[in-house]
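Geometric and topological summary
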Amino acid sequence: MEYTQLGRTGLKVSRLVLGTMNFGPQTDEPTSHGILDAALDAGLNFVDTANVYGWAENKGRTESIIGSWFAKGDGRRDRTVLATKVYGNMGPDGEAWPNHDKLSALNIRRAVEASLKRLGTDYIDLYQFHHVDRATPFEEIWQAVDVLIQQGKVLYAGSSNFPGYKIAQANEVASRRGSVGLVSEQCLYNLFERRAEMEVIPAAQEYGLGVIPWSPLHGGLLGGVLKKEVEGKRRTEGRAAATLADPAVRAQLQAYEDLLDKHGLQPGETALAWLLTRPGVTGPIVGPRTPEQLAGALRALELELGEEVLAGLDEIFPGPGPSPEAFAW
């Protein structure tokens, strides 16, 4: 396993991040524990979750599954860099209670205590803001986080789904307070969706944030979806199905799969390997539902993409270009 620093911190994390969103809703607890064990055995030490995972009436279920895994001992917690998130409403009984969501100092305090209890740990390595809260000033947010850091309950803070200007704003306010500020940004970024290259990733690099891409296969579309359709191995639904209904998208994905067939490459592994070549990227989040899917993701770490393949991928999925040149002279 290859490791890197998380942004400007001294924290060493694996180049792949284990996403746990499927734990509970799609993957039962014993299988989830098996995936966590396999990841740790492979050296993948960075585990990402969120307080809302489990969804609907089971919010918090995913954190509880991770907590029961930690409870098995054998150094599991000490060997894991644990990241979770706060923002979504966690009102009792599935109700949307006021002050049980977003980033007020009250909710941050409440949410941390609840996450710690579910996770069965006394500290969170990386506490991430799951979305922008336009109603709460960063002065209040950092006041709450600074207290948690002083108490030893949180070590670092990160963001998720922040635009570039909010990353800058958050860290400028932190700097004025003498706070550490954001050390990571978790954003939607993959071959199909490259808008983060315009503002988000440059802002992250400027302020020393590690970039953690989510949905690296864009909902499975970059995992060989057309070939799987023909073979009857996958039926697309929801947003992926709506996207595939566009003939231009299908043509783009067909060119992608044809390019990789030509070079003997697997689509899912290639999409992950491409992200590992991108400037500023700490590591993409992989969300396996099965141990087999985890094994496939790990193979991406050994894959080296040649210049011809990289050029072909850029031709099929061109990026937006740098800012401001992408929209100015």
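Below: a short report on this structure. (Residues numbered from 1 in each chain as written. Predicted model: local features only at pLDDT ≥ 70, side-chain atom pairs only at ≥ 80, totals over all residues. Heavy atoms only, no water.)

This brings us to the overall build of the protein chain. The secondary structure content of the protein chain amounts to twelve helices and ten strands. In terms of its C-alpha atoms, the protein chain occupies a principal-axis envelope of roughly 55 × 55 × 40 Å. Here the protein chain holds 329 residues, and 52% of them are scored as buried. Restricting the contact set of the protein chain to residue pairs at least 6 apart, pairs at least 24 apart contribute 77%. Accessible surface computed for the protein chain: about 15000 Å², of which carbon and sulfur atoms make up 50%. (Helix = DSSP H or I, 4+ residues; strand = E, 2+ residues; numbered from the N terminus. Buried < 20%, exposed > 50% of the residue type's maximum accessible area, 1.4 Å probe, protein only. Contact = heavy atoms within 4.5 Å. Areas by Shrake-Rupley, 256 points an atom, 1.4 Å probe, with all protein chains shown as cover.)

Moving on, we get to the pattern of salt bridges. What the rule picks out here adds up to 15 salt bridges. For Arg15, the salt bridge goes to Glu2, with nearest N and O atoms at 3.9 Å. Here Arg15 is found in the loop between strand 2 (12-14) and strand 3 (17-19), whereas its partner Glu2 is found in the segment before strand 1 (3-5), with 13 residues between them in sequence. With its nearest N and O atoms 2.8 Å apart, the salt bridge here joins Asp48 to Lys85. With Asp48 in strand 4 (residues 46-48) and Lys85 in strand 5 (residues 81-86), this residue pair connects regions lying 37 residues apart in the sequence. You can call Asp48 buried: its relative accessible area is 3%. Among the ionic contacts, a cluster of salt bridges with common partners joins Arg194, Glu197, Arg278 and Asp314. (Salt bridge = Lys/Arg side-chain N within 4 Å of Asp/Glu carboxyl O.)

Turning our eyes to something else, we now look at the sheet that holds strand 5. Ordered in space as 9-8-7-6-5-4-3-10, the eight strands form an open sheet in which the pairing is parallel. Sheet topology places strand 9 (210-214) and strand 10 (285-286) at the edges, where each strand pairs with a single neighbour. Sheet analysis places strand 3 next to strand 10, joined by two bridges and oriented parallel. By the bridge assignment, Leu18 is partnered in strand 10 with Val286. (Pairing = 2+ DSSP bridges.)

Before going further, it helps to examine the environment of Val52. The topology assignment puts Val52 in the loop between strand 4 and helix 2 (61-70). With sequence-adjacent residues up to four places away left out, Val52 is seen in contact with Lys59, Gly60, Gly88, Asn89, Met90 and His130.

Among the nonpolar cores identified, the biggest contains 58 residues, and Phe129, Trp142, Leu253 and Tyr256 are the most heavily contacted of them. Element by element, the count of residues in this core is highest for helix 4 (residues 138-151), at six residues. In this view, Leu253 contacts Leu221, Leu222, Val225, Leu226, Leu244 and Phe317; residues no more than four positions away in its chain are not counted. Core analysis: the second largest hydrophobic core is formed by 21 residues, Ala39, Phe70, Val286 and Ala297 among them. (Core = buried A, V, L, I, M, F, W, Y, C linked by side-chain atoms within 4.5 Å.)

All right, on to helix 10 (residues 267-276) then. Burial analysis of helix 10 places ten of its ten residues in the buried class, which makes it a mostly covered element. For helix 10, the set of buried residues is Pro267, Gly268, Glu269, Thr270, Ala271, Leu272, Ala273, Trp274, Leu275 and Leu276. Next to the buried residues of helix 10 lie strand 9, helix 9 (247-262), strand 10, helix 11 (291-299) and helix 12 (307-316).

If you check which residues of helix 11 are buried, you get Leu294, Gly296, Ala297 and Leu298. Looking at the buried positions of helix 11, the neighbouring elements they touch are strand 3, helix 1 (29-41), helix 10 and strand 10.

This part takes up the packing of helix 4 against helix 5 (residues 164-177). Contact geometry of helix 4 with helix 5 gives a least axis separation of 10 Å together with a crossing angle of 60°. Overall, the two elements helix 4 and helix 5 adopt an arrangement that is oblique. Seen from above, helix 4 lies across helix 5 with right-handed handedness. Within the contact between the two elements, helix 4 uses Phe138, Glu139, Trp142, Gln143 and Asp146 and helix 5 uses Lys166, Gln169, Ala170, Asn171, Val173, Ala174, Arg176 and Arg177. For the contact of helix 4 with helix 5, a count of residues per class yields five nonpolar, three polar and five charged. (Axes fitted to C-alpha atoms, helices over the stretch in contact; angles between N-to-C directions. Parallel < 35°, antiparallel > 145°, perpendicular 65-115°, else oblique. Left-handed = near helix turned anticlockwise from the far one by under 90°. Nonpolar A, V, L, I, M, F, W, Y, C, P; charged D, E, K, R; others polar.)

All chains considered together, the criterion is met by seven aromatic pairs. Here the aromatic rings of Tyr256 and Phe317 are separated by 5.5 Å at their centres, their planes lie at 70°, and the arrangement is edge-to-face. In this pair, Tyr256 sits in helix 9 while Phe317 sits in the segment after helix 12, placing the two residues 61 residues apart along the sequence. Both residues of the pair, Tyr256 and Phe317, belong to the buried class. Linked through ring pairs, Phe192, Tyr256 and Phe317 together constitute an aromatic cluster. Between the NZ or CZ atom of Arg77 and the centre of the ring of Tyr123, over which it lies, the distance is 4.0 Å. (Phe/Tyr/Trp six-rings, centres within 6.5 Å; stacked < 30°, edge-to-face > 60°. Lys NZ or Arg CZ within 6 Å of the ring centre and 35° of its normal.)

Structurally, Glu185 is set in strand 8 (residues 182-188). Comment: no salt bridge for buried Glu185; closest opposite-charge side chain is Lys85, at 11 Å. There is a polar contact of 3.2 Å between the side chain of Glu185 and the backbone nitrogen of Phe162. Excluding residues within four positions of it along the chain, Glu185 makes contact with Ser159, Ser160, Asn161, Phe162, Ile167, Val200, Leu209, Gly210, Val211 and Ile212. (Lys, Arg positive; Asp, Glu negative; His and termini not counted. Polar contact = N/O pair within 3.5 Å; in protein donor to acceptor, adjacent residues only side chain to side chain.)

Read these as layout, nothing more, since geometry by itself doesn't imply function.
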